[in-house]
Amino acid sequence: MPHCGTIVLAGRPNVGKSTLFNVLVGQPLAITSPKPQSTRSPVVGLRTEGDHQLIFVDPPGLLEPAYLLQEAMLEAATDVLHGADALLYLHPVTDEPWPQPDASAHPALAHAPAARLLVLTKADLLDRAPSFPSTPHRLLVSAVTGQGIPQLLEWCKAHVPEREFRYDPTDVSTQPIRFFAAEYVREAAFALLGDELPYAVAVEVDEFREASDPQYIRATIYVERDSQKAMVIGRGGRTIKALGTRARQAIEQLLGTRVFLDLRVKTLKHWRSNARALERFGFKIPATRRT
């Protein structure tokens, strides 16, 4: 009998969720950045091996919301727990004495599935070996060196139920290419723009021609102020060109084919605090904030 189940990675911002997610899936699906809170919408990745299909979900970090977009991000992070079969709660490890959390350390996880594992991340950054061993409820891992990854995958396989596969074994995600194209443009923004500007960036794919060669993708980068629009474009268009090149290369790697990426920049004032704009970008507004 095959085994299939959904496993959610959870944790506060900047604990290494997306990096570990990409290693578990075997594909760079989720965008990564040293800057926190780069994940805004849950990313789904599939790993099918033998008679096991693992459906990994990388949601936004469990943050303290400061504005409506962040409230929607927290809503998305908790919504994915409904129907999940197992939870990986991520926390960065340290070689200093510290109170060890458990896999229900955040109040938002009160209704998470019973199968939970505390995953201590970033083991490669330790100055010395930790003074505590891994246990059935706690595992030390490094997405950089691969430490603990085989054991983590075995735990995941052991905690998904007997069930027919939900997806084709050759699939790597349940989400469309449009989603990843927009995400890779945002990843380029986090890599190439200043500390605060990427948080004001939203990306919408306006057109995608799969039949063309190269495949044609037209997308709009939205910012909140005209001054930000000028910074994204850059002098002589240099910044937008660099953004496009970086994002195009990531999309081509995912698709395995040539891509022509056509980027525009527009201003959508205060979109991070505008419910209508957020719904347009695919975010679910918390019921308490609906008017």
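Parameters at a glance
Residues numbered from 1 in each chain as written. Predicted model: local features only at pLDDT ≥ 70, side-chain atom pairs only at ≥ 80, totals over all residues. Heavy atoms only, no water. Buried < 20%, exposed > 50% of the residue type's maximum accessible area, 1.4 Å probe, protein only. Helix = DSSP H or I, 4+ residues; strand = E, 2+ residues; numbered from the N terminus. Pairing = 2+ DSSP bridges. Core = buried A, V, L, I, M, F, W, Y, C linked by side-chain atoms within 4.5 Å. Contact = heavy atoms within 4.5 Å. Axes fitted to C-alpha atoms, helices over the stretch in contact; angles between N-to-C directions. Parallel < 35°, antiparallel > 145°, perpendicular 65-115°, else oblique. Nonpolar A, V, L, I, M, F, W, Y, C, P; charged D, E, K, R; others polar.

1. Looking at the pairing of strand β8 (residues 215-223)
In terms of burial, β8 is a largely internal element, eight of the nine residues being buried. Pairing of strand β7 (residues 202-209) with β8 involves seven bridges; the strand directions are antiparallel. Within β8, the residue paired with V205 across the bridge is A219. The hairpin turn running from β7 into β8, its antiparallel successor, is five residues long. By the bridge criterion, nine bridges tie β8 to strand β9 (residues 259-267) in an arrangement that is parallel. Considered in β9, the bridge of Y216 is made with F260.

2. Here's the deal with the nonpolar core
Judged by nonpolar contacts, the single largest core of 54 residues is most densely connected at L20, L24, F56, L88, L152, I221 and V232. Dropping the residues within four chain positions of it, V232 is found in contact with L193, L197, I221, V223, T239, I240, L243 and V265. Grouped together as the second largest cluster of nonpolar side chains are 37 residues, L63, L87, L278 and F281 included.

3. Side note on unusual backbone geometry
Omega for the peptide link from D213 to P214 comes to 5°, which places this bond in the cis form. Along the polypeptide, P214 turns up in the loop between β7 and β8. For N14, which is not a glycine, the phi torsion comes out positive at approximately 70°. When you line up the elements, N14 lands in the loop between β1 (3-10) and α1 (17-25).

4. Let's talk about the packing of helix α5 (residues 226-233) against helix α6 (residues 238-255)
It is at 5 Å that the axes of α5 and α6 come closest, and there the two elements cross at 65°. Considering the angle they form, α5 stands roughly perpendicular to α6. Across from M231, V232 and I233 in α5, the residues of α6 making contact are R238, T239, I240 and L243. Looking at the contact of α5 with α6 residue by residue, the class counts come to five nonpolar, one polar and one charged.

5. Remarks on the sheet that holds β1
Strands sit in the order β2-β3-β1-β4-β5-β6 across an open sheet of six strands; the sheet is mixed. Each edge of the sheet is formed by a strand with only one pairing partner; in this case those strands are β2 (43-49) and β6 (138-140). Averaged over all pairs of adjacent strands, the angle between their axes in this sheet comes to 25°, without regard to strand direction. Pairing of strand β4 (residues 86-92) with strand β5 (residues 116-121), which is carried by six bridges, proceeds in the parallel orientation. Among the inter-strand pairings, L87 is bridged to a residue of β5, identified as R116. The strands that helix α3 (residues 149-158) touches are β1, β2, β3 (52-58), β4, β5 and β6; relative to β3, the one it contacts most, it runs at about 105°.

In short, shape yes, function no, at least from these values alone.
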